[in-house]
Amino acid sequence: MNIAIFFGTETGNAEMLAEDIATELEDQHETSVANLADTAPDALLTEGLNVIVCSSYDDGDFPASAKPFVEKVQAAKPDLTGVRFAIFGLGDSEYADTYGFGSMKVAELLVAHGAEALGDRPVHDAAGDALPEDMALPWLEEIIGGLDA
Ligand SMILES: Cc1cc2nc3c(=O)[nH]c(=O)nc-3n(C[C@H](O)[C@H](O)[C@H](O)COP(=O)(O)O)c2cc1C
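Small disclaimer: the values here were computed from a predicted structure and weren't measured.

Colleague: Sorry if this is basic, but what is going on with the pattern of salt bridges here?
Modeller: Charged atoms that come close allow side chains of opposite charge to pair. Tallied over the entire structure, the rule returns one salt bridge. A salt bridge links D61 to K67, with the shortest nitrogen-to-oxygen separation between them at 3.5 Å. D61 gets classed as partly exposed once you look at its relative accessible area, which sits at 25%.

What follows is the structure in structure tokens.
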């Protein structure tokens with residue numbers, strides 16, 4: 001399957017996780033990794049799966065590298081019908097009022113333009129003990145397994 005992995009980051013954690021996901025999947029799938037900052041809305045796959053890894057910043061805002069993509073979607077208002085995506089958030093529960101809001105807002109934006117969200121939207125908590133890859137890889141394998149079935 002073609003799997004395009006996109007990351008929205010401020011300080012690099014989402015990029016590291018995106019690379020880890022690609023490394024894990026590349027034996028069995030065609031994978032690519034791209035920064036949302038360099039991504040146009042029409043780069044989202046309509047065949048295969050889009051995986052988005054996105055952190056949260058400031059008051060539940062998008063991280064810096066996601067902002068250009070969000071602005072492009074808001075300006076172009078693309079029809080994203082046929083685009084399927086799975087999204088994984090990075091956050092910190094110390095920001096209790098805006099925990100995981102960056103990934104939530106990206107998901108809402110894509111769905112508002114017709115894309116389909118697959119699975120739930122886990123959020124890795126930087127204040128917790130779990131490693132992001134230990135959460136993200138089983139989550140994604142389950143989603144991919146559902147598509148292969
Ligand atoms: C200044 C600042 C603001 C943050 N704001 C939020 C927030 O509103 N909500 C949240 O869930 N996490 C917030 N975080 C936590 C980050 O999303 C988390 O550390 C994440 O792992 C960063 O990933 P990145 O390096 O890919 O940007 C904030 C972190 C910093 C340093």
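Colleague: Please clarify how a negative patch on the surface should be interpreted in this entry.
Modeller: A contiguous patch of negative charge, built from E15, E19, D20, E24, E26, D27 and E141, is present on the exposed surface. Residue position: E26 is located in the loop between α1 (13-25) and β2 (30-35). With relative accessibility at 45%, the residue E26 sits in the partly exposed group.

Colleague: Would you mind going over the site of the ligand with me for this structure?
Modeller: Neighbouring the ligand are 19 residues; T9, T11, A14, S56 and T98 lie closest to it. The side chain of S55 places a nitrogen or oxygen atom 2.8 Å from an oxygen atom of the ligand. Measuring from an oxygen atom of the ligand, one finds a backbone N or O atom of L90 at 3.4 Å. When the free accessible area of the ligand is taken as 650 Å², the share hidden by the protein chains comes to 84%. When each cavity is represented as a set of grid points, the ligand is found to reside in the largest pocket. Class assignment for the residues of the shell around the ligand results in six nonpolar, 10 polar and three charged.

Colleague: Got a minute to help me understand the environment of F7 in this structure?
Modeller: By the secondary structure assignment, F7 is in strand β1 (residues 2-8). F7 sits in the buried class, given a relative accessible area of 4%. For the pair F7 and Y57, spaced 50 residues apart in sequence, the C-alpha to C-alpha distance is 14 Å. Ignoring sequence-local partners within four residues, the contact set of F7 consists of A14, E15, A18, V33, A34, N35, L36, V53 and S65.

Colleague: Please clarify how the layout of surface pockets should be interpreted in this entry.
Modeller: Taking a probe equal in size to a water molecule and rolling it over the atoms shows the remaining empty space. In this model, the largest pocket occupies a volume close to 420 Å³. As for the largest pocket, its lining consists of 25 residues, and the residues nearest its centre are N13, S55, L90, G91 and A126. For the lining of the largest pocket, the secondary-structure elements that each account for two or more residues are α1, β4 (84-91) and α4 (132-148). For the lining of the largest pocket, the leading source of residues is α1, giving five residues. Classifying every residue of the lining of the largest pocket by side-chain character gives nine nonpolar, 11 polar and five charged.

Cut-off values and rules
Residues numbered from 1 in each chain as written. Predicted model: local features only at pLDDT ≥ 70, side-chain atom pairs only at ≥ 80, totals over all residues. Heavy atoms only, no water. Salt bridge = Lys/Arg side-chain N within 4 Å of Asp/Glu carboxyl O. Buried < 20%, exposed > 50% of the residue type's maximum accessible area, 1.4 Å probe, protein only. Patch = residues over 30% accessible without salt bridge, like charges linked within 9 Å, V, L, I, M, F, W, Y side chains within 5 Å. Areas by Shrake-Rupley, 256 points an atom, 1.4 Å probe, with all protein chains shown as cover. Lys, Arg positive; Asp, Glu negative; His and termini not counted. Charge placed at Lys NZ, Arg CZ, Asp CG, Glu CD. Helix = DSSP H or I, 4+ residues; strand = E, 2+ residues; numbered from the N terminus. Near = heavy atom within 4 Å. Polar contact = N/O pair within 3.5 Å; in protein donor to acceptor, adjacent residues only side chain to side chain. 1 Å grid on protein atoms, 1.4 Å probe; cavity = no way out; pocket = protein on both sides within 12 Å on 5 of 7 lines; lining within 4 Å. Sits in = over half its atoms within 2 Å of the grid points. Nonpolar A, V, L, I, M, F, W, Y, C, P; charged D, E, K, R; others polar. Contact = heavy atoms within 4.5 Å. Points joined across faces, edges and corners; volume = space filled by probe spheres on them.

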